[in-house]
Amino acid sequence: MNAEPSLRSIRACLEGAIPAIMATCAPDGTPNVAYISQVVYVDEQHVALSFQFFNKTRANILANPHANVLVLDPVTARCHRLHLRYLRTETEGALFERMRAQLAGIASHSGMEGVFELRGSDLYAVERIEPVPGEGLAPSPAQLPRADLLGAVRLCSQRLARCTALGELLQALLKGLHEHLDVRHALVLMLDAQAGQLYTVASHGYARSGVGSEIKLGQGVIGVAAREATPVRISHMTHAALYSHAIRSSLGPEAAAHDIPYPGLAAPHSQLAVPLISCGRTLGVLFVESPLDLQFRYPEEDALVALAGQLAAAIDLLQSAEDFTEPLAGTATAQAPQGLPVRVRHFAVNDSIFVNDTYLIKGVAGAILWKLLRDHARTGRQDFSNRELRLDPCLRLPGVADNLEARLLLLQRRLHESGTGIHLEKTGRGRLRLCLDAPAQLEEMAG
């Protein structure tokens with residue numbers, strides 16, 4: 001006698017590419033059969049079904065908690081019948097938000113954006129899994145799951161383990177994802193919990209890097225993954241505006257000038273956002289996307305969650321290491337910058353910096369640059385330490401988890417990409433140097 005399949009072994013049937021069929025029964029014995037948009041894997045004993053409508057299926061399940069659900073593998077067409085028992089409905093939290101994001105993708109795919117709305121996530125215990133007899137289809141080579149996913153994770157993990165600096169770590173991850181997992185579009189964003197938003201610190205595969213672009217907490221798959229500390233995955237979608245690009249709120253008519261463009265795909269069909277969690281704290285998000293459907297399935301999610309955990313732990317470790325400042329081997333002699341002065345304006349209201357009337361950066365990174373430039377203008381200093389920045393009350397860094405090294409990396413890359421003639425260089429652990437190609441004319445603006 002064949003053993004009953006495990007729920008994990010049939011997760012391909014729970015991708016949502018093909019609607020499931022649900023059978024319920026009224027108290028008087030009248031059966032009801034209906035399509036269900038989502039059957040989501042929760043753990044080895046539970047699934048969650050989308051609750052969207054107050055209909056006969058809903059009435060039946062509240063009166064009689066037992067149901068059968070037929071799920072279909074979209075590649076092999078093999079079917080399994082799940083024998084379920086209703087437990088409860090969740091209307092908030094990680095499971096609900098993850099399903100709401102996935103439902104948005106399904107709605108987009110089917111042209112039902114105005115109809116599909118998640119009212120709740122119905123949690124069911126899986127009492128039995130019954131394979132349905134019948135011949136399946138042979139998958140094409142392109143549809144087969146990756147043969148050596150664990151080996152790919154190992155190669156990526158080995159790259160991360162060799163890194164000794166944050167910038168090196170992020171580039172090693174993105175390069176490893178591309179070479180070993182064929183992930184061609186990816187972002188790493190760090191969380192600014194104080195501001196309630198995430199900012200891009202590294203990217204791969206886009207025409208522009210988008211470093212410094214911001215997404216609000218709870219906005220799109222990235223914001224939801226960070227807020228709920230759970231992976232959010234969409235396997236098929238056709239409208240980029242839906243649960244894709246975060247639409248940042250405007251503070252005034254000049255808001256567009258303060259905005260670094262988000263670098264995401266114009267028409268993504270698969271997306272996965274994985275929170276970076278270390279010691280129970282969310283540090284940021286690893287985000288991947290593709291113009292093709294079903295590129296990030298459950299096995300790919302497992303792999304990226306594992307790598308995201310190592311990445312988060314390494315970020316924590318490297319940022320802690322920057323607190324131990326290396327002694328200065330020697331201070332560089334600053335030569336007076338030559339040429340026409342560079343006009344640098346600072347707006348105290350949000351610490352935004354404009355260089356020659358072009359927006360550069362804002363927030364904590366902007367406040368850091370302004371401090372360095374002012375100190376240089378007053379004393380000629382070039383060399384600074386992470387420790388003095390961390391202790392400076394004017395920068396308003398949070399008491400814990402300030403992500404200072406990530407903010408410095410963001411500032412360094414924005415300066416490099418902008419070509420302003422202002423540079424920030426690392427000169428050792430916990431040390432940095434400000435370099436100017438031309439004199440800086442500093443202007444403090446009232447608003």
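Our subject in this report is the structure included herewith. (Residues numbered from 1 in each chain as written. Predicted model: local features only at pLDDT ≥ 70, side-chain atom pairs only at ≥ 80, totals over all residues. Heavy atoms only, no water.)

Concerning the packing of aromatic side chains
For step 1, the next point in the chain: This structure, assessed with the given rule, holds four aromatic pairs.
For step 2, the next point in the chain: Aromatic side chains Tyr-41 and Tyr-298 sit 6.0 Å apart centroid to centroid with 70° between the ring planes, which places their arrangement in the edge-to-face category. Remark: Tyr-298 occurs in helix H6 (residues 298–321) and Tyr-41 occurs in strand E3 (residues 39–43); sequence separation between them is 257 residues. Each member of the pair Tyr-41 and Tyr-298 is classed as buried.
For step 3, the next point in the chain: Aromatic pair Phe-354 and Tyr-359: ring centres 5.6 Å apart, planes at 65°, arrangement edge-to-face. Taken as a pair, Phe-354 and Tyr-359 share a single burial class, namely buried.
For step 4, the next point in the chain: Within the aromatic cluster, the residues linked to one another by ring pairs are Phe-347, Phe-354 and Tyr-359. (Phe/Tyr/Trp six-rings, centres within 6.5 Å; stacked < 30°, edge-to-face > 60°. Helix = DSSP H or I, 4+ residues; strand = E, 2+ residues; numbered from the N terminus. Buried < 20%, exposed > 50% of the residue type's maximum accessible area, 1.4 Å probe, protein only.)

Quick notes on the environment of Pro-19
For step 1, the next point in the chain: Considering the arrangement of structural elements, one finds Pro-19 in the segment before strand E1 (20–25).
For step 2, the next point in the chain: Exposure remark for Pro-19: the relative accessible area of 45% places this residue in the partly exposed category.
For step 3, the next point in the chain: Taking the C-alpha atoms as reference points, Pro-19 and Pro-74, separated by 55 residues in sequence, lie 9.9 Å from one another.
For step 4, the next point in the chain: Setting aside chain neighbours within four positions, we find Pro-19 in contact with Tyr-35 and Ile-36. (Contact = heavy atoms within 4.5 Å.)

Overview of empty space enclosed by the protein
For step 1, the next point in the chain: Counted by the stated rule, this structure contains two cavities of 30 Å³ or more.
For step 2, the next point in the chain: Reported here for the second largest cavity is a volume of approximately 40 Å³.
For step 3, the next point in the chain: Looking at the lining of the second largest cavity residue by residue, the classes come out as seven nonpolar, three polar and no charged. (1 Å grid on protein atoms, 1.4 Å probe; cavity = no way out; pocket = protein on both sides within 12 Å on 5 of 7 lines; lining within 4 Å. Points joined across faces, edges and corners; volume = space filled by probe spheres on them. Nonpolar A, V, L, I, M, F, W, Y, C, P; charged D, E, K, R; others polar.)

Describing the sheet that holds strand E12 (residues 270–278)
Sheets are built from strands that pair by backbone hydrogen bonding, the pairs being arranged parallel or antiparallel.
For step 1, the next point in the chain: What the six strands build is an open sheet, ordered E10-E9-E8-E13-E12-E11; its pairing is antiparallel. Each of the sheet's edge strands pairs with one partner strand only, and the pair in question is strand E10 (214–216) and strand E11 (232–234). Here the strands of the sheet are splayed against their neighbours by 25° on average, with no regard to which way each runs.
For step 2, the next point in the chain: Inspection of the sheet shows strand E8 (residues 186–192) paired to strand E13 (residues 281–290) by five bridges, in the antiparallel sense. Bridging across to E13, Ala-186 finds its partner in Val-288.
For step 3, the next point in the chain: The sheet contacts of helix H4 (residues 166–181) involve E8, strand E9 (197–204) and E13, and relative to E9 the element is tilted by about 60°.
For step 4, the next point in the chain: Helix-sheet contacts for helix H9 (residues 404–418) involve E8 and E9, and the interaxial angle to E9 is about 60°. (Pairing = 2+ DSSP bridges. Axes fitted to C-alpha atoms, helices over the stretch in contact; angles between N-to-C directions.)

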